[in-house]
Amino acid sequence: MIDGHGRNINKLRLSVGESCNLSCVYCVDKIGGHQRSHDHLTVEEMIDLVRILKRHGGIEKVRITGGEPLLFPGIEQLIREIARLGIENIGLTTNAQQLKKRVDDLKNSGLQKINVSLDSLKPAVFRRLARGGRLERTCEGIEAAVKTGLQVKINTVVLKGENEEELNDILAYALFLKSEVRFLELMKMGPLYEKETALFVPMKTILAKIGKCYSYHPIPAETDSTAIRFRVPGGTFGIIANESNPFCATCSRLRLTSTGKLIGCLSQPVGIPIKHLLKAPQPEFELKSLLSQAIGYKRTVAFKGSQIGMSAIGG
Ligand code: SAM
């Protein structure tokens, strides 16, 4: 669907649930502090909603997220059925704590791309930021995914006084694996909404730190890419700079929560329910107006964050 600002909204982020085995400091305010909904869609309902959104809403690419998608029991079935709908571009975002043993099944189900969150290469910092988990499990997961031939990207949220001095080590690790790391500016989501945070590191500081070890220059990214990309000797990296350089003007993303609500923009205060479309004989009529509502929330300049946390929206 092309919106009033010429953006082709063709990417869906599908959250399969808020549950997570980690409790990252920027995502939730305490261990296990993830929002909990009780009216989750079943796998079949998710597949049917993706079918409707593909057929009548122009969705062409799907990224599965959460919460932690590898905790979702029907994940392989979900990927397989989404692939059967003719969606050729299926990705998943994970903390990779359980990835190593699952990666072959995920790939065989039709998964093509995987983004792994990795905020530190120091075990103690990793555990402090994630409030749990084990660094080596995430690294083993990343390395297993690279080995299977999946396209792997690493996501690192840059946090002042925590991992900001590790950026070149993380970049070197990604380059060694022939993977791309994207450094994320902290977003004011969930517990950080409307709060001052001392943890924020802007893109220019990130680049200054990279510049101490690498010569870099900007390279073109896809028009609707969230990341600004750079080439360094041996590969590339990206920065997702929601505050310094918002990608709103070209954002092509729509989000579907695990309770069947559409979210057009990360700043949208409440989701728009679409689960009832599953019972509609001709869902396309109402879908059009519901999609317009969700896309109407999409900002064009900069987003402000939301009290809905990332564990519910998925990213
Ligand atoms: N559990 C999966 C994972 O850890 O990758 C998927 C869900 S997680 C909510 C998706 C992405 O959102 C992760 O890469 C995480 O780092 C990012 N994220 C969560 N809260 C954020 C925030 N406040 N600012 C920037 N990125 C955030």
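Refer to the preceding data block for the structure.
Residues numbered from 1 in each chain as written. Predicted model: local features only at pLDDT ≥ 70, side-chain atom pairs only at ≥ 80, totals over all residues. Heavy atoms only, no water.

A. Representation of the pairing of strand β4 (residues 113-117). Relative to β4, strand β3 (residues 89-94) runs parallel, the two sharing four bridges. Considered in β4, the bridge of threonine 94 is made with valine 116. The parallel pair β3 and β4 is bridged by helix α3 (residues 99-109), and the resulting crossover is right-handed. Bridge count between β4 and strand β5 (residues 151-157): five bridges; the pairing is parallel. Looking at the pairing, asparagine 115 lines up with lysine 153 of β5. (Pairing = 2+ DSSP bridges. Helix = DSSP H or I, 4+ residues; strand = E, 2+ residues; numbered from the N terminus. Right-handed = clockwise from strand over helix to strand, strands pointing away.)

B. Region of interest: the pattern of salt bridges. According to the stated counting rule, one finds ten salt bridges in the structure shown. For arginine 7, the salt bridge is made with aspartate 3, and the minimal N-O distance between the two is 2.8 Å. Each of Glu164, Glu165 and Lys209 takes part in one network of salt bridges that share partners. (Salt bridge = Lys/Arg side-chain N within 4 Å of Asp/Glu carboxyl O.)

C. Region of the structure containing the environment of threonine 93. Within the element layout of this structure, threonine 93 appears in strand β3. When the C-alpha atoms of threonine 93 and leucine 22 are compared, they prove to be 14 Å apart, with 71 residues separating the residues in sequence. Among residues more than four places away in sequence, those in contact with threonine 93 are Arg63, Ile64, Thr65, Pro69, Asn115, Ser117 and Asn155. A distance of 3.2 Å separates polar atoms of two side chains, one belonging to threonine 93 and the other to arginine 63. (Contact = heavy atoms within 4.5 Å. Polar contact = N/O pair within 3.5 Å; in protein donor to acceptor, adjacent residues only side chain to side chain.)

D. Main features of unusual backbone geometry. Even without being a glycine, lysine 178 presents a positive backbone phi close to 60°. For lysine 178, the position within the fold is in the loop between α6 (167-176) and β6 (180-184). Positive phi values are uncommon outside glycine, yet glutamate 194 reaches one of about 55°. Of note, glutamate 194 is situated in the loop between β6 and α7 (203-211).

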